[in-house]
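Breakdown of the fold
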Amino acid sequence: MIGGAGKRRTPALAVRYADEFNVPFASVQAVREQFGRVRAACAQAGREPSSLRWSVALVLCCGRDERELRRRAEAIGREPAELRANGVAGTPAECVAAIGRYAEIGAQRFYLQTLDLDDLDHLELVAAEVAPQLG
């Protein structure tokens, strides 16, 4: 796996060496642009883009309602608006929609970072209400 946001060397290295390309902790637009740079590098090198697995790493912060989301965001020192813009955050439905937006631009694999390891209810919520909707 090779990943990152470098505009020239990172795509070239990914095309040459990687089985998987990952963009960590970025907005849909930033991921779209970086995936585009890697696809362009593939074309230039004669590599089929489908030979790469495309992935993203994103912070996960899910709550049954706004209050629970805010509590979880505060526990990890983040703002809900920023998490919604650059991660998988919100209610379960919002989290599913966020994953869908990244999938629409080509993400095939998701690494969801859970920062509060003591909040097991968070994991149970995601397992019960988000994961079953992801097919």
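Going by the structure above, here's the rest.
This write-up is about the structure you can find in this document.

Glancing now at the pattern of salt bridges. In the structure shown here, the tally under the stated rule is 11 salt bridges. We note a salt bridge from R64 to E68, for which the minimum N-O separation is 3.0 Å. The exposure class of E68 is buried, given its relative accessible area of 14%. E68 is the partner of R71 in a salt bridge, and the nearest nitrogen-oxygen pair spans 3.9 Å. Here R71 and its partner E68 are both found in helix 3 (residues 66-75), 3 residues apart, which amounts to about one turn of the helix.

This next bit is on helix 3. Residues of helix 3 that are buried: E68, L69, R72 and A73. Viewed along the axis of helix 3, the buried residues span an arc of 135°, placing them on a single side of the element. Facing away from the buried side of helix 3, by more than 90 degrees, are the exposed residues R67, E74 and A75. The N-capping residue of helix 3, defined by a side-chain oxygen 3.2 Å from the backbone nitrogen of R67, is D65.

Let us look at unusual backbone geometry. The backbone phi angle of F25 is positive, close to 50°, even though this residue is not glycine. Position of F25 among the secondary structure elements: in the loop between strand 2 (20-24) and helix 2 (28-45). Owing to a relative accessible area of 43%, F25 belongs among the partly exposed residues under this scheme.

This paragraph deals with the packing of helix 1 (residues 9-17) against helix 2. It is the contact of helix 1 with helix 2, at a shortest axis distance of 9 Å, that shows an interaxial angle of 55°. Of the possible angle classes, the one that applies to helix 1 and helix 2 is oblique. The handedness of the crossing between helix 1 and helix 2 comes out as right-handed. Of the residues in helix 2, those in contact with T10, P11, A12, A14 and V15 of helix 1 are Q34, R37, V38, A41, C42 and A45. Its residues assigned to classes, the contact of helix 1 with helix 2 comprises 8 nonpolar, 2 polar and 1 charged.

V31 and F35 are the most contacted members of the largest nonpolar core, which totals 29 residues. Within the residue set of this core, elements represented by two or more residues are helix 1, strand 2, helix 2, strand 3 (53-62), helix 5 (92-104) and helix 6 (120-130). Of the residues forming this core, the biggest block, 6 residues, is contributed by helix 2. Beyond its immediate stretch of four places on either side in the chain, F35 contacts F21, V23, W54, S55, V56, I105, G106 and A107. Of all hydrophobic cores here, the second largest spans 7 residues; its members include C61, L69, A73 and I76.

Our next topic: helix 2. Spanning 18 residues, helix 2 covers 26 Å between terminal C-alpha atoms, matching the ideal 26 Å at 1.5 Å per step. Restricting attention to buried positions, one finds in helix 2 the residues V28, V31, Q34, F35, V38, A41 and C42. One side of helix 2 carries all its buried residues, which in axial view fall inside an arc of 145°. Along helix 2, exposed side chains directed more than 90 degrees from the buried face belong to A43 and Q44. Those residues of helix 2 that are buried are in contact with helix 1, strand 2, strand 3 and helix 5. Backbone geometry just after helix 2 places G46 at a positive phi near 80°.

How each quantity is defined
- Residues numbered from 1 in each chain as written.
- Predicted model: local features only at pLDDT ≥ 70, side-chain atom pairs only at ≥ 80, totals over all residues.
- Heavy atoms only, no water.
- Salt bridge = Lys/Arg side-chain N within 4 Å of Asp/Glu carboxyl O.
- Buried < 20%, exposed > 50% of the residue type's maximum accessible area, 1.4 Å probe, protein only.
- Helix = DSSP H or I, 4+ residues; strand = E, 2+ residues; numbered from the N terminus.
- Arc of directions from axis to C-beta.
- Polar contact = N/O pair within 3.5 Å; in protein donor to acceptor, adjacent residues only side chain to side chain.
- Axes fitted to C-alpha atoms, helices over the stretch in contact; angles between N-to-C directions.
- Parallel < 35°, antiparallel > 145°, perpendicular 65-115°, else oblique.
- Left-handed = near helix turned anticlockwise from the far one by under 90°.
- Contact = heavy atoms within 4.5 Å.
- Nonpolar A, V, L, I, M, F, W, Y, C, P; charged D, E, K, R; others polar.
- Core = buried A, V, L, I, M, F, W, Y, C linked by side-chain atoms within 4.5 Å.
- Expected span 1.5 Å × (residues − 1).

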